[in-house]
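Here is how the chains run, residue by residue.
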Amino acid sequence: MKKEKQMRTRRKRNRSAGLPRRVSLAAAMVLLAFAALTGCEKTEEGERVEVDFTVVTPDEIPQELLTIIEENKENEMRLTWMDGEEMYLIRGYGKQATGGYSIGIAECTEDEECLWFDTRLIGPQDEETLSKEPSWPYLAVKIAATEKEVIIE
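Each value, and the rule that gives it
Residues numbered from 1 in each chain as written. Predicted model: local features only at pLDDT ≥ 70, side-chain atom pairs only at ≥ 80, totals over all residues. Heavy atoms only, no water. Salt bridge = Lys/Arg side-chain N within 4 Å of Asp/Glu carboxyl O. Helix = DSSP H or I, 4+ residues; strand = E, 2+ residues; numbered from the N terminus. Buried < 20%, exposed > 50% of the residue type's maximum accessible area, 1.4 Å probe, protein only. Pairing = 2+ DSSP bridges.

Let us now look at the pattern of salt bridges. Close approach of charged atoms lets side chains of opposite charge pair. This structure, assessed with the given rule, holds seven salt bridges. The partner of Glu76 in a salt bridge is Arg91, and the shortest N-O contact between them spans 3.0 Å. Residue Glu76 is found in strand 3 (residues 76-83), and its partner Arg91 is found in strand 4 (residues 86-93); the two are separated by 15 residues along the sequence. A relative accessible area of 49% places Glu76 in the partly exposed class. The residue Glu110 makes a salt bridge to Lys148 at a minimum N-O spacing of 3.0 Å. With Glu110 in strand 5 (residues 102-110) and Lys148 in the loop between strand 7 (138-144) and strand 8 (149-152), this pair connects stretches of sequence that are 38 residues apart.

Below is the structure:
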């Protein structure tokens, strides 16, 4: 009896809290349809999982990919490159006036549809040892090949 009374109270609260039930259900369906049509938008944090990756040095990058990086280093770049069962994710920040820059990985995660790779350019820390020559910072990571859409931020 007590449980039945609580259920009625919840129903009353839900109906009196806003729009009628049919309208809120319709609104939810519109939101779901919008989410499906927009593709790979960021989702709730609980829905993504970390992706295993390895940061690779220039010596470990296939020569063909190194050539592509060299040809595009003047400008910002976001590249994916497949090599059999491995995929390389490249994030370059273009020409910088000095040396001393590094790149940090903020995120490498995936859900059912997309893989996100997000990095941050970190400026020079020590002005005294700073190279006055320009630099072209980039980061290359290797992951297992995937057919998912890759978003490099």
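One open sheet accounts for four strands, arranged 1-5-6-8; its pairing is mixed. One side of each edge strand has no neighbouring strand; the edge strands of this open sheet are strand 1 (49-50) and strand 8. Direction of pairing for strand 5 relative to strand 6 (residues 114-122): antiparallel, over a ladder of eight bridges. Looking across to strand 6, one finds that Thr109 is bridged to Trp116.

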